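# Inside the fold
Chain residues, written in single-letter form:
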Amino acid sequence: MIDVEVLGAPALHGDATAEARDGEELPSLSEIRRLCALAAGSAGVHEGHVAIEFVDERRITELNAEHRSLSEPTDVLSFPIDGAEPAAGGRELGDVVICLAHTADVREAVVHGMLHLLGMDHETDEGQMLERQRELLARERR
């Protein structure tokens, strides 16, 4: 089972949805968990823990400057913890940090961040990560 911890989502409790901005609806906790499990499963990972944190523009800018040397906001950052091999007692996948103010599609940001935690990188591959992201989101939306 993929254990998903969600932090900082405004008014997001249980299976209820909340408004992000401009009327966009945040996915429910159960949908976030389902998206994480779907992305992890696509890489053959079925056990582990991930934290999804929603932060403001100031915090995402700080993290982007500290970890990528870019002093500007971004939509999503991923911080993998364990390597690709399963660890004894379960794998700590890592953290996904999402800034709602810079995210066009929260569901896409969740899947995107998860794929990065699983070792994929759209900046170095030949389109595989973004193709998998499209496929997973299309499957979820059916």
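Look a little higher up for the structure.
Report follows, based on the coordinates. Since the model is a prediction, treat every value here as computed from it, not as a measurement. (Residues numbered from 1 in each chain as written. Predicted model: local features only at pLDDT ≥ 70, side-chain atom pairs only at ≥ 80, totals over all residues. Heavy atoms only, no water.)

### Quick notes on the side chain of T61
Stated formally: Elements are defined by DSSP. Helices are runs of H or I of four residues or more, strands are runs of E of two residues or more, and each kind is numbered from the N terminus. Here a polar contact is taken to be a pair of N or O atoms separated by no more than 3.5 Å, where protein atoms must pair a possible hydrogen donor with a possible acceptor and residues adjacent in sequence count only if both atoms sit in side chains. Whether two residues are in contact is decided by their heavy atoms: any pair within 4.5 Å suffices.
Here T61 is to be found in helix α2 (residues 57-68). Polar contacts involving the side chain of T61 include one to the main-chain carbonyl oxygen of E57, which spans 2.8 Å. Among all residues touching T61, those that are not within four sequence positions of it are L70, S71, E72 and P73.

### Looking at the pattern of salt bridges
The condition that has to hold: Any carboxyl oxygen of Asp or Glu that lies within 4 Å of a side-chain nitrogen of Lys or Arg is treated as forming a salt bridge with it. Per-residue accessibility, obtained with a 1.4 Å probe over protein chains only, is compared with the maximum for each type, and a residue is labelled buried under 20%, exposed over 50%, and partly exposed between these values.
With the rule as written, the count across this model stands at seven salt bridges. Between D105 and R141 there is a salt bridge; the shortest N-O distance is 2.6 Å. Taken together, the residues span a long stretch of sequence, with D105 in the loop between β4 (92-99) and α3 (106-117) and R141 in helix α4 (residues 128-141) at a distance of 36 residues. Residue classification places R141 among the exposed residues on the basis of a relative accessible area of 52%. Three or more residues are tied together by salt bridges with common partners; here these are R58, R59 and E62.

### Comments concerning the side chain of R107
Relative to the elements of secondary structure, R107 occurs in helix α3. Residues in contact with R107, not counting those within four places in the same chain, are E25, L26, P27, E31, L35 and L137.

### A short note on α3
Applicable threshold: An expected span of 1.5 Å times one less than the residue number is assigned to each helix.
Between the first and last C-alpha of α3 there are 17 Å, a value that for twelve residues agrees with the 16 Å anticipated at 1.5 Å per step. α3 sits mainly inside the fold: ten of its twelve residues count as buried. Looking at α3, one finds that the buried residues are V106, R107, A109, V110, V111, H112, G113, M114, L115 and L117. Its buried side turned inward, α3 meets α1 (29-42), β2 (48-55), β3 (76-80), β4 and α4. One side-chain oxygen of the residue at the start of α3 lies 3.0 Å from the amide nitrogen of R107, identifying that residue as D105.

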